[in-house]
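So you can see what is in the structure, the chains are spelled out below.
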Amino acid sequence: MNTTAIRKQMSIHPDVMDLLNNQIGMEMKASASYLAMASWCDQRELLNSKAFFYKQAEEEREHAMKIFTFINDNGGAAISPNVTNVNNDFESLRGIYETGLEQEIAVTESIFKIFKSARKEGDLITEVFLQWFISEQSEEEDTFRSIIDVFDLMEGMPLKMIDERLPKE
């Protein structure tokens, strides 16, 4: 079956599907990035941060899988992404959390773009599907901002002591 025949059977708009496939790549790159952050924390025995970033990595993979399944369940063709250029070198624990926040903001902006595209194209199925992601992203950004606030409150304290005050989840 050719691509045109497949796309005619889709419940989601083809342009929106392409954006969703790009989002899968973004989520998987975020997952790989969080794994790198977890490794950095693990090497320094920052146990709460290590646990937090391992959990974040798994959550991002779950998000990618949710989108992947959604595309296929709605007649589209989900594409497995190629993840490259993952940073494994970090300067500080605070810097890692700031990078995580920047990453979450970029994901939020991407979700908003897809949502707006779905609305423009009249793709109600995708619009409804993405509402969960919008709420999730709001929570993710808030979590990172709250953690960065802890660094501000504990400025000058030993890194291990700061890590002990950070959430594991």
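Residues numbered from 1 in each chain as written. Predicted model: local features only at pLDDT ≥ 70, side-chain atom pairs only at ≥ 80, totals over all residues. Heavy atoms only, no water.

(A) Representation of the overall build of the protein chain in the model. The helix and strand inventory of the protein chain stands at 6 helices and 0 strands. Moving toward the C terminus, one meets the helices and strands of the protein chain in the order α-α-α-α-α-α. Here the C-alpha coordinates of the protein chain stretch approximately 60 × 25 × 20 Å along the principal axes. Counting the 169 residues in the protein chain, one finds 43% classified as buried. Long-range contacts, defined here as pairs at least 24 residues apart, represent 77% of the contacts in the protein chain between residues at least 6 apart. Total accessible area computed for the protein chain in this model is approximately 9,200 Å², and 51% of it derives from carbon and sulfur atoms. Taken as two groups, the 17 positive and 30 negative side-chain charges of the protein chain have centres that lie 3 Å from each other. (Helix = DSSP H or I, 4+ residues; strand = E, 2+ residues; numbered from the N terminus. Buried < 20%, exposed > 50% of the residue type's maximum accessible area, 1.4 Å probe, protein only. Contact = heavy atoms within 4.5 Å. Areas by Shrake-Rupley, 256 points an atom, 1.4 Å probe, with all protein chains shown as cover. Lys, Arg positive; Asp, Glu negative; His and termini not counted. Charge placed at Lys NZ, Arg CZ, Asp CG, Glu CD.)

(B) View of the packing of aromatic side chains. Throughout the structure, instances matching the rule amount to 12 aromatic pairs. Seen from their ring centres, Tyr-97 and Phe-144 are 6.2 Å apart, and the 55° between their planes marks the pair as tilted. You can see Tyr-97 sitting in helix H4 (residues 93-121) and its partner Phe-144 sitting in helix H5 (residues 124-153), a full 47 residues away along the chain. Under the relative-accessibility criterion, Phe-144 is labelled buried at 0%. Between Tyr-97 and Phe-151 the ring centres are 5.8 Å apart and the planes differ by 50°, which places this aromatic pair in the tilted class. Taken together, the residues span a long stretch of sequence, with Tyr-97 in helix H4 and Phe-151 in helix H5 at a distance of 54 residues. (Phe/Tyr/Trp six-rings, centres within 6.5 Å; stacked < 30°, edge-to-face > 60°.)

(C) Representation of H5 within the structure. Between its first and last C-alpha, H5 extends 44 Å over 30 residues, near the 44 Å set by a 1.5 Å rise per residue. The largest bend in H5 comes to about 25°, at Leu-130. (Expected span 1.5 Å × (residues − 1). Bend = angle between axes of the 7 residues up to and from the residue.)

(D) Quick look at the environment of Tyr-97. On the basis of relative accessible area, Tyr-97 is assigned to the buried category, the value being 0%. Spatially, the C-alpha atoms of Tyr-97 and Tyr-34 are 10.0 Å apart, while their sequence positions differ by 63 residues. Ignoring any residue separated from it by four or fewer positions in sequence, one finds Tyr-97 in contact with Ser-49, Phe-52, Phe-53, Phe-144, Ile-147, Ile-148, Phe-151 and Leu-166. Here the side chain of Tyr-97 touches Ser-49 through a polar contact of 2.8 Å, side chain to side chain. (Polar contact = N/O pair within 3.5 Å; in protein donor to acceptor, adjacent residues only side chain to side chain.)

(E) Main features of the UniProt feature "domain: Ferritin-like diiron" (unreviewed entry) in the protein chain. According to UniProt, the positions carrying the feature "domain: Ferritin-like diiron" (unreviewed entry) are residues 10-155. Secondary structure over residues 10-155 splits into 79% helix and 0% strand, and the C-alpha atoms at its two ends are 53 Å apart. (UniProt positions renumbered as here; feature names shortened; annotations may be inferred.)

(F) Highlighting the pattern of salt bridges. One pass over the structure, following the stated rule, counts 9 salt bridges. A salt bridge links Glu-45 to Lys-160; the nearest nitrogen and oxygen atoms lie 4.0 Å apart. Placement of the pair is Glu-45 in the loop between helix H2 (14-43) and helix H3 (47-73) and Lys-160 in helix H6 (residues 159-165), with a sequence separation of 115 residues. Judged by its relative accessible area of 40%, Lys-160 is partly exposed. The partner of Glu-141 in a salt bridge is Arg-145, and the shortest N-O contact between them spans 3.0 Å. Residue Glu-141 and its partner Arg-145 are located together in helix H5, separated by 4 residues, close to a single helical turn. On the basis of relative accessibility, which here comes to 38%, the residue Arg-145 falls in the partly exposed class. (Salt bridge = Lys/Arg side-chain N within 4 Å of Asp/Glu carboxyl O.)

(G) Highlighting the side chain of Asn-74. With respect to the helices, strands and loops of the structure, Asn-74 is situated in the loop between H3 and H4. In terms of polar contacts, Asn-74 uses its side chain to reach the backbone carbonyl oxygen of Phe-70, at 2.8 Å.

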